[in-house]
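Observations on chain architecture
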Amino acid sequence: MLLNKCIEDSLDTSFPFFLGDDLVADVLSLMQKKGVECAPLLHEGKVAAMVTILDLLPAQQSRKRLMELKLEHACSVGLHEHLFEIVVRMDSFPYQLIPVSGEGGDYVGVIQKAALFEHIATVFHLREECITLELDVPSYDLKLSEIIATLEKNDATVLSCGIYPAAPDGEGLVLTFRLQIHDFYRLVSNLKKYGYMIRYTSPFSEKDDEMREKALEFIRFMDM
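Residues numbered from 1 in each chain as written. Predicted model: local features only at pLDDT ≥ 70, side-chain atom pairs only at ≥ 80, totals over all residues. Heavy atoms only, no water.

**Quick word on the environment of Leu66**
For clarity, the threshold we go by: Strands are runs of DSSP state E lasting at least two residues, helices are runs of H or I lasting at least four, and both sets are numbered from the N terminus onward. Burial status follows relative accessibility: with a 1.4 Å probe on protein chains alone, a residue under 20% of its type maximum counts as buried, one over 50% as exposed, and anything between as partly exposed. Here, two residues are considered to be in contact whenever any of their heavy atoms come within 4.5 Å of each other.
Tracing the sequence through the fold places Leu66 in the loop between α3 (53–56) and β4 (77–78). Judged by its relative accessible area of 1%, Leu66 falls in the buried class. With 48 residues separating them along the chain, Leu66 and Phe18 place their C-alpha atoms 8.5 Å apart. Not counting residues within four places of it along the chain, the set of residues in contact with Leu66 comprises Phe18, Leu19, Gly20, Asp22, Val24, Val27, Leu41, Val51, Leu56 and Leu71.

And the structure:
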């Protein structure tokens, strides 16, 4: 998902920004008045740094300009970048506000870091009433298509899937699925019969518990 598609309603184009010639005292006063803790500093239309109130307080009684302060260079995210590629670089943005640039690098606004995480949650259906299922599988014999086919044969709809190593040494993998399904207990039971190693499942609901009790009652009746 390109950033420009997922932040259409989250990009703040009216957020205050400053230039190197601005006086520290004036910038501090404006930031305090607006309740802003940090804001972009631009140079020739591009993001050069992020100015914070803590940066300004030591020089508030001086006639210094922002360009005279020793501010660390700041990066921005581009509207043309993919959401997942931005998340990989999230550690390079120490503040809750992230400056955003157009394809040419010119500053266009800011976005809350929380908004990006919210879009990640949306992509992987983490906010929905879904089921989480994790399976331990051998990395040498992994056929994701077969596993998904097995889930779908049990009336499960796969909404998202993730893969990570089961151990630091890289032996084995863990598949994490977000699923929509009516009979989760039946799915789990069948997966165990098929020989799948289940690492984690969402807690069974009351409906699942009822179906489980009925299934166990039926099994006891067949044993008799």
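**Examining the sheet that holds β4**
What counts here: One bridge is not enough; two strands pair if DSSP finds at least two bridges between them. Axes, fitted as lines to C-alpha atoms, cover a helix only where it is in contact. Angles between the N-to-C directions of the axes lie from 0 to 180 degrees.
Taking strand neighbours across the sheet as the criterion, the three strands line up as β4-β5-β6 in an open arrangement whose pairing is mixed. Across the chains shown, the open sheet's two edge strands, defined by having one partner strand only, are β4 and β6 (107–112). In this structure, β4 lies alongside strand β5 (residues 97–101), joined through two bridges in parallel fashion. Within β5, the residue paired with Val77 across the bridge is Val100. Strands β5 and β6 of the sheet are contacted by helix α5 (residues 113–123), whose axis makes an angle of about 70 degrees with β6.

**Remarks on the nonpolar core**
How we decide: Take the buried residues of types Ala, Val, Leu, Ile, Met, Phe, Trp, Tyr and Cys, join any two whose side-chain atoms come within 4.5 Å, and each joined set is a nonpolar core.
Counting residues in each nonpolar core, the largest one holds 23 residues, and the members touching the most others are Phe15, Met31, Leu56 and Leu66. Of all elements in the fold, only α2 (24–34), β2 (38–43), β3 (46–52) and β6 reach the threshold of two or more residues within this core. For Leu56, the residues in contact, after removing those within four places along its chain, are Val24, Val27, Leu28, Met31, Val51, Leu66 and Leu69. If you look at the next biggest cluster of nonpolar residues, it comprises 16 residues, including Phe177, Leu179, Ile181 and Val188.

**Section: the pairing of strand β7 (residues 131–137)**
Put simply, side chains in a regular strand alternate between the two faces of the sheet. Across the seven residues that make up β7, a large majority, six, are buried. In the sheet, β7 pairs with strand β9 (residues 173–180) via seven bridges, with the strands oriented antiparallel. Within the sheet, the bridge partner assigned to Ile131 lies in β9 and is Leu179. Pairing between β7 and strand β10 (residues 197–201): four bridges, direction antiparallel. Following the sheet pairing, Leu133 is matched in β10 by Thr201.

**Quick word on the pairing of β2**
Of all six residues that make up β2, five are buried, and the element is covered over most of its length. Note: strand β1 (residues 18–19) against β2, two bridges, orientation parallel. By the bridge assignment, Phe18 is partnered in β2 with Leu41. Across six bridges, the pairing between β2 and β3 is antiparallel. Across the sheet, the residue bridging to Pro40 is Met50, located in β3. Here β2 hands over to β3 after two residues, with Glu44 in that stretch at a positive phi of 55 degrees.

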